[in-house]
Amino acid sequence: MGKIFIVKESDIKINEGLIDESEVEDQITNLEVAICRTFIEIYDLNDGFKGILSEEENRIFEFYKEILDDQTFFEEIKSLIKNERYSAEKAIYTCINKYIDEISKSNNEYIKQRIFDLNDIAKRLVRNISVSVADENGLKINEINSEQIMVLKELTPIIAASLAKKEVKGVVAEEGAGYFTHASIILRSTGIPAVNGIRMDEIEKFDGSPAIIDGSKGVVVANPSEAEIQDLKSGLSEKKQALKNGRNGAAACERKPVETADGYRIRLLANISSVKEFLVAKKLGVDGIGLVRTESLFINYKRIPDEKRQYLIYSKIAKDLDGKPVVIRTADIGGDKVPQALAINDQSLSRSARGIRRSLEHKTELVTQIRAIMRAGKFGKVFISFPMVDSIEQIMEVKRIIKDISDELAEKKGEPVNRIGIGTMVETAEAVKIIDEILNEVDFISIGTNDMLHQICEQSRKCSTLEMRSYLEPVFLQTLKHCLDKAAEKNKPACVCGEMATDPMAIVVLLGMGAKDLSMSPSYIENTCRFIRTIKLDEAKEAAQKALESQNLQEVKNMLSELTKNRM
Ligand code: PEP
Ligand code: MG
């Protein structure tokens, strides 16, 4: 429930007020993400100035890096957030100003010069916390706060990311907020409901009015009556209880591995698109990262990230996972994933290729990314995967590229490079047809249920008008079962990614069909973990069999809703 806000072109304000206790953790995470981003920026700057500045002048960057690496300094900022309830931005400024005050008393000119640098660091950190990506990309969204339901003509993943950061109450869009769009996935991963298909000219007149938005039903009620508000409130208290149960489950998740009620081990991995999501996943004690959507690097930055920037991010993730696996997928650009950096317009996009097909048309970009991933391989259990594969030649070609890069890196270092596991997404209709050939060439597969569903149902991902839970269509389930069986036959791990793996009804069927690895947005890990512990493998197998033999979607839904009724 919030106030309708019709998005117009203007600026996002920085919140400088005191924060609530419940916001402390988030502010600290924002700070950590900002440090990471600023660190990468400084590396980039440093690189860019090499050969232009003198050695002496270049040393300035060492000062920046020292500050950003200084634990005491950041502990001080964190303590202001925790103890004084300062927002991260306010804490940064307070801390830096304290240092500046001390430095200004010094007689040493060199030290005094550092005031400018400290101010610059503060500005960079704050900008990396509060400037929205949408704003950086030239889109101006004004006066956003967490009480509002944002209404826009077209929602894109970039705007969704900045709205998620602002923790708005909900999002309503004429286009782009369909259940399976990436923009919606971003919002859902932060718990923000979205409703698609509401015409601007119909809702505009409610600007500033109170409203209720129900993401699961896809409705917006402007100026709700007292009875409608009461209905909403009673529904909410049930949800809160479910959430509380989920939280208890989370603590258990951290302590012991996830198993079904009869003791079968299931691995829960996270899909991530940002360092922030990575930090959340790590805290939840996931079994690894099943999917890094690297296109978000391309989408979120104004320019295509160079090898060093990518290498730094991938190595940080690999290192921080302490030996748990991470699957880094090369950029999946095209469809509804349009990076501004590439300046692709809608017209040329609809004609252009997506995923690995596009990457192979842009080899330099692809080679740069693969090299960064392979170099990061030395820091942990890194695997590489490729999106939207639809021919065996594509796999043979990327394997050749990997071999060449491996030889090149070994030659430079004079020693062999760690071999990293090679996998692929199975998410196109073609990939399903050639699954045997694919499995002969790769170490593992990730089944992308979002795209596969659209391909099997012959819909464009951007349209996204598929009914919720259409992944329970018997024909689609049979396709998934076929892929899982083939992988098991060839003894190759198969991880199920995509929104389907977050829905308890679908989880029962997936487990029953033999899935052992599920990868999902971190925000679903808690509930999934709790839910799996209530399911016996035998009952899941029986339910899967019934679902596969059902006549239609409704029959599957009825059967599964009965089975999962008191466990969600
Ligand atoms: C999928 O298609 O199911 C998937 C996991 O990939 P993405 O959602 O990033 O396209
Ligand atoms: Mg996909």
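Naming follows an unreviewed UniProt entry, where the protein appears as Phosphoenolpyruvate-protein phosphotransferase of Acetivibrio thermocellus. One UniProt comment on the protein, placed under Subcellular location (unreviewed entry), says "Cytoplasm". Its UniProt record, at the heading Sequence similarities (unreviewed entry), says of the protein: "Belongs to the PEP-utilizing enzyme family."

A.B. asks: I'd like a description of the side chain of Asn 450, backed by residues and values.
C.D. replies: Assignment of secondary structure puts Asn 450 in helix α20 (residues 449-456). Within the structure, the side chain of Asn 450 is placed 2.8 Å from the backbone nitrogen of Glu 499, a separation counted as a polar contact.

A.B. asks: An account of the layout of surface pockets is requested, with residue identities and associated values reported.
C.D. replies: In this model, the second largest pocket occupies a volume close to 560 Å³. As for the second largest pocket, its lining consists of 18 residues, and the residues nearest its centre are Ile 35, Cys 36, Phe 39, Asp 69 and Lys 316. With seven residues, helix α13 (residues 307-320) is the largest single contributor of residues to the lining of the second largest pocket. The residue makeup of the lining of the second largest pocket, split by class, is ten nonpolar, two polar and six charged.

A.B. asks: So what's going on with α13? Residues and values would help.
C.D. replies: Because each turn of an α-helix spans 3.6 residues, side chains separated by three or four positions end up pointing in the same direction. In this model, α13 (14 residues) spans 20 Å end to end at C-alpha, consistent with the 20 Å of a helix rising 1.5 Å per residue. Among the residues of α13, Glu 307, Arg 309, Gln 310, Tyr 311, Ile 313, Tyr 314, Ser 315, Ile 317 and Ala 318 are the ones counted as buried. Positive backbone phi, approximately 45°, marks Asp 322, located one or two places after α13.

A.B. asks: An account of unusual backbone geometry is needed here, citing residue identities and associated values.
C.D. replies: Despite not being glycine, Asn 223 has its phi angle at roughly 45°, a positive value. Relative to the helices and strands, Asn 223 resides in the loop between β6 (219-222) and α10 (226-255). You will see that Asp 322, though not glycine, has its phi angle at about 45°, which is positive. If you trace the backbone, Asp 322 turns up in the loop between α13 and β9 (325-329).

A.B. asks: Please give an account of helix α24 (residues 537-549) that cites residues and values.
C.D. replies: In a regular helix each residue adds 1.5 Å, so 13 residues correspond to 18 Å; α24 covers 18 Å between its end C-alpha atoms and thus fits that length. Within the span of α24, buried status applies to Leu 537, Ala 540, Ala 543, Ala 544, Ala 547 and Leu 548. Seen along its axis, α24 keeps its buried residues to an arc of 135°; they face one direction. Counted as exposed and oriented over 90 degrees from the buried face of α24: Asp 538 and Glu 549.

A.B. asks: Explain the sheet that holds strand β5 (residues 210-214) residue by residue, including any values.
C.D. replies: Strand order in the open sheet formed by six strands is β4-β3-β2-β1-β5-β6, with mixed pairing between adjacent strands. The open sheet is flanked by β4 (194-196) and β6, the only strands paired with a single partner. Sheet twist, expressed as the mean angle between neighbouring strand axes with direction ignored, is 30°. Here strand β1 (residues 2-6) runs beside β5; their pairing, made up of two bridges, is antiparallel. Looking across to β5, one finds that Lys 3 is bridged to Pro 210.

A.B. asks: Give a detailed account of the coordination of the magnesium ion (ligand 2), specifying residues and quantitative values.
C.D. replies: Angles between donor atoms at a metal ideally measure 109.5 degrees for a four-coordinate tetrahedral arrangement and either 90 or 180 degrees for a six-coordinate octahedral one. Donor atoms from the polypeptide that bind the magnesium ion (ligand 2) are Glu 427 (OE) and Asp 451 (OD), placed at 2.1 Å. Of this pair, Glu 427 sits in the loop between β11 (421-426) and α18 (429-433) while Asp 451 sits in helix α20, placing them 24 residues apart in sequence. On the accessibility criterion, Asp 451 (5% relative accessible area) is buried.

A.B. asks: A description of the state of the cysteines should follow, citing residues and the corresponding values.
C.D. replies: Per the stated rule, a full pass over the model turns up zero disulfides. With no disulfide of its own, Cys 495 lies closest to Cys 497 among cysteine sulfurs, the gap being 4.2 Å.

Conventions used here
- Residues numbered from 1 in each chain as written.
- Chains lettered and ligands numbered in written order.
- Predicted model: local features only at pLDDT ≥ 70, side-chain atom pairs only at ≥ 80, totals over all residues.
- Heavy atoms only, no water.
- UniProt positions renumbered as here; feature names shortened; annotations may be inferred.
- Helix = DSSP H or I, 4+ residues; strand = E, 2+ residues; numbered from the N terminus.
- Polar contact = N/O pair within 3.5 Å; in protein donor to acceptor, adjacent residues only side chain to side chain.
- 1 Å grid on protein atoms, 1.4 Å probe; cavity = no way out; pocket = protein on both sides within 12 Å on 5 of 7 lines; lining within 4 Å.
- Points joined across faces, edges and corners; volume = space filled by probe spheres on them.
- Nonpolar A, V, L, I, M, F, W, Y, C, P; charged D, E, K, R; others polar.
- Expected span 1.5 Å × (residues − 1).
- Buried < 20%, exposed > 50% of the residue type's maximum accessible area, 1.4 Å probe, protein only.
- Arc of directions from axis to C-beta.
- Pairing = 2+ DSSP bridges.
- Axes fitted to C-alpha atoms, helices over the stretch in contact; angles between N-to-C directions.
- Donors = N, O, S within 2.8 Å, 3.2 Å for Na, K, Ca; no water.
- Disulfide = S-S within 2.5 Å.

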